Each structure stands twice: as structure tokens, then as C-alpha cells.
Amino acid sequence: MTAGTPFRAATLDAVAPAFQVGGTAVPDSAIAVGGAALIAVLIGISAFFSSSEIAMFSLPAHRVDALVEDGVPGSETLEALKRDPHRLLVTILVGNNLVNIAMSSLATGLLVVLGFGQGQAVTVATFGITALVLLFGESAPKSYAVENTESWALRIAKPLKLAEYVLLPLVLLFDYLTRVVNKVTGGRSAIETSYVTREEIQNIIETGEREGVLDEEEREMLQRTLRFNDTIAKEVMTPRLDMTAVPKTASVEEALETCIQSGHTHLPVYERSLDNVVGIVHVHDLVEGRTDGGDRDGSESLADLVEPVLHVPESKDVDDLLTEMRKERIHVVIVIDEFGTTEGLITIEDLTEEIVGEILEGEEREPIEFVDDDTVVVKGEVNVNEVNEALDIDLPEGQEFETVAGSLFNRAGRLVEEGETFAFDGVEISVERVENTRITRARLRRVDDGDDADAAEQAAEVGSESNAS
């Protein structure tokens, strides 16, 4: 055993002679220093690519446009890189992976030259390089890029463009291959979609309120703005039952009196029935029509003052509707269903309230009034979504109804009466006012499981008594 040791060493020396440069043997210490220096350079390059990814994809497009408009140095190169985000990402990933693999291979070879066994060299290189890359090639540079996104993106734009040219064959190859793989698997490249979703914006708004950057009213307005794009005409219209209109045969005096009593500045004018709205008349035109010329007895023809009206389907997006109304300078539109029946009307004020909140007049009550932290009194036409957000509850929603009143009718399956109480999961709803067959006001109370069971039992008793009577 002992005699074999010198023989093995001699054999290794013969197989793996010392590293030489120009016939001169290079000391192990020089090899170690040179290898370490090269690894440090590679870590620096890895840090460059890692920080580039964060900086490039955290910088919003509008800021890039602003930098280009201001003529900031490097902004045009930055814009060129951001124009093809998929290729940019492939460039960064190819560069980063090449550097990291080179580091691992270099470290393994260096350790073997310094006398480590192959297994030991691979193990030490794997864990050692991983630790170095995580600390100095990933964590630290990415943290810096997050805090200095704009300035760092401008600084690295030109070097990154140079790296794209150097790695162009590999970039083109992997760019093509990733697109092919995405097509085959039926997926889409995440880089080609927006990095910011509506849910993320919603979370940012809520975080802004928690951190004190936004107050409650600002948060609510921003949230209403986000909901605006997903709202349809049926959800914001004044229902047919609440419409105030005049027949075409009415006199100017009668129409003006209707305007004064209702407090409206615009009135729909119909012929024969409300399902045939022929136009809109403005109170200003009524006043002028009443006082124009020598005839002041109010017998002028209302038809002469009627302006055409726009009819829109109940499924129309209110975002598009608002744009159309502003472009055409229309203040009122009539909402119809698929059969052409009048469902309601929408004013510019209705659309504005969807963003800024309810605009109250005179003695008008708030649509949602808080009694305490767990109880609200709401109008029947209030949207279910608004109540869910106000009380942080989860009332069911359906395609056939959007309002609290509609939800109650759907739950009961019949007409309801004042004083009736219904129990949903964690919510007790009491009907406080019914006009004719319409629920105009209800009280909602958030309850715990025990109270919920009691409320359900009471609701069942009330329902059975109502049916019996």
C-alpha cells in the first residue's frame, strides 16, 4: 500500500504535468490569482445582465417616451431595446446563462489544477459559484436596479445593445426556438403581454391608501375608474319606472311644468307610448319656445323643439358610450333591450357619477349610508358590487340582476313586503321600504355564523307567515 503511493503521484505528474507558459512552469498561486480574477470579472458581467433585466422591464413605456422627448442621452437606444421586449429578454438570458456556466466550468477546472479531486471540485464549484452568483450576481445588483431603475436603464442601454450584437447568432436562434415552443404548446410569451395587470393596479391603489399616499376618496375614485371599463349601460341607467317623460302631443307649457316639478333639464318625448321615444327636449328651449314671438299662451308645438335622441343597447360599454356622447355633444341617451323596448335612460351625469361618486341634490339621500361598521342602509337600485365593497361581503351576483332589489327578488322568488328579512351567507337583509312592487330601501347587516343561523330561522318564519297570509 505504502509502496504504491509514490508510484501514483509519479503517474499523475506524468499524465498531468505542471501548467506552462513559453516553457516556464506557472506557479499554482499565479493560477489561483488569475482564475479568481477571471471569476470576479464574470460575476461582474452576471451582475450586469441580472440588473439589466430588472431595470429594463420595470421602466414603464410612458417614461421611456418622456425620456426620448426630453432628448436624454441613451434614451433612443433604450427605446430601441424596449421596442422588441422578447428579443431583449432572450439577449439578457443568453448572456447571463453563458457567463454563469463559464464561471462554474472555470471554477471546476481551477480546483482540479489546485489538487482537488474531480468530485470534490464539482461539489465545491457548484455550491461556491452558486453562493457568489446569488449574492453578487443576482441579489445585490437587482436591489440596486430596483432603487435606480431609470438612471441604471439609461446607463446600461448601450452596453446591452452591444451585447445583443455580439451574441446575435445565439439570440436569433433562441428567439426563434422560444417562439416555436410557445406556438407548439399553445402558450404565449409572457414578455409579449403587459407586465402590469388590472389586479396589480388594484393592489397598488389599496397599498397606497394603507401607506397614506392616497386618502379614502382618492382610492374610491381610482377604483371606480378601473370598474368603468367593465360596466355596461344597463348597470348605470335610470330605470324606465323612474323616467320622467312627456307625450309629443303635450304643449310647451305642460312640458315646462313637468321639467320644473321633476327638476330635470332634459325630457324624453314619446309618441303613443314610452317604447317609442322620438327625441329629447331641453328646458332652455321650452322657455324660449314659450316666450318667443307674440304667442305666450303655451300653445306652441312641442314637436318643433324636439331634438333627435340616440338609442343604445343595454349591453353597450359605458366607456365607449361616454366617448360617443362627448364627441356628439349628447346629454341624454335612451337605453333599449334586444326587442327595441325602452329600458331606461342615461345622462352625462350618470356616467360622471360612475367615476366621481354620487352627486346629491337637495334632500337626496346617500345611496349607501353606514349605520355602524357592520350595517348599511341602501337604496334598492344600488349595485351589488358597491355593497359588497362597502361591507366587505360576498352577495351573489347574476346576469339577470345587478341591484340589491334584484338580488332580493331573485332570492325570494316572489314579490316581497316591507319588514321581511332574508339571510345570505354572513349577511342579514331587511326590507325597509317598498313602493308599489319596488324595493326602494333595504338594511344590510354583516353577522357571524351564530347570528346568521338565527337570522335564517327568523327569515323562514317571516316568509311562512307571509305566505300563510
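About the cut-offs
Residues numbered from 1 in each chain as written. Predicted model: local features only at pLDDT ≥ 70, side-chain atom pairs only at ≥ 80, totals over all residues. Heavy atoms only, no water. Buried < 20%, exposed > 50% of the residue type's maximum accessible area, 1.4 Å probe, protein only. Helix = DSSP H or I, 4+ residues; strand = E, 2+ residues; numbered from the N terminus. Arc of directions from axis to C-beta. Contact = heavy atoms within 4.5 Å. Phe/Tyr/Trp six-rings, centres within 6.5 Å; stacked < 30°, edge-to-face > 60°. Pairing = 2+ DSSP bridges. Axes fitted to C-alpha atoms, helices over the stretch in contact; angles between N-to-C directions.

Draft legend 1. Spotlight on helix α14 (residues 318–328). For α14, the complete set of buried residues consists of Val 318, Leu 321, Leu 322 and Met 325. Projected down its long axis, α14 carries its buried residues within an arc of 100°, all on one side. Opposite its buried face, α14 presents the exposed residues Thr 323 and Lys 327, each directed more than 90 degrees away. Of the surrounding elements, those touching the buried residues of α14 are α10 (216–228), α11 (233–236), β7 (310–313), β8 (332–336), β9 (342–347) and α15 (348–356). Just downstream of α14, Arg 329 is the residue with a positive phi angle, here 60°.

Draft legend 2. Quick look at the packing of aromatic side chains. Tallied over the full model, the rule gives 2 aromatic pairs. Considering the side-chain rings of Phe 48 and Phe 49, the 5.2 Å spacing of their centres and the 65° angle between planes classify their relative orientation as edge-to-face. Exposure class is identical for Phe 48 and Phe 49. Each is buried. Ring centres 5.5 Å apart and planes at 90° place the aromatic pair Tyr 144 and Trp 152 in the edge-to-face group. When its relative accessible area of 36% is taken as the criterion, Tyr 144 is described as partly exposed.

Draft legend 3. Summary view of the sheet that holds strand β3 (residues 238–239). Taken together, the 4 strands give an open sheet; going across it, the order is β3-β9-β8-β7, and neighbouring strands pair in mixed fashion. In the strand order of this sheet, the two ends are held by β3 and β7, each with one partner. As paired elements, β3 and β9 share 2 bridges and run antiparallel to each other. The residue bridging Thr 238 from the neighbouring strand is Leu 345, located in β9. Here α15 sits on the sheet in contact with β3 and β9, set at roughly 70° to β9.

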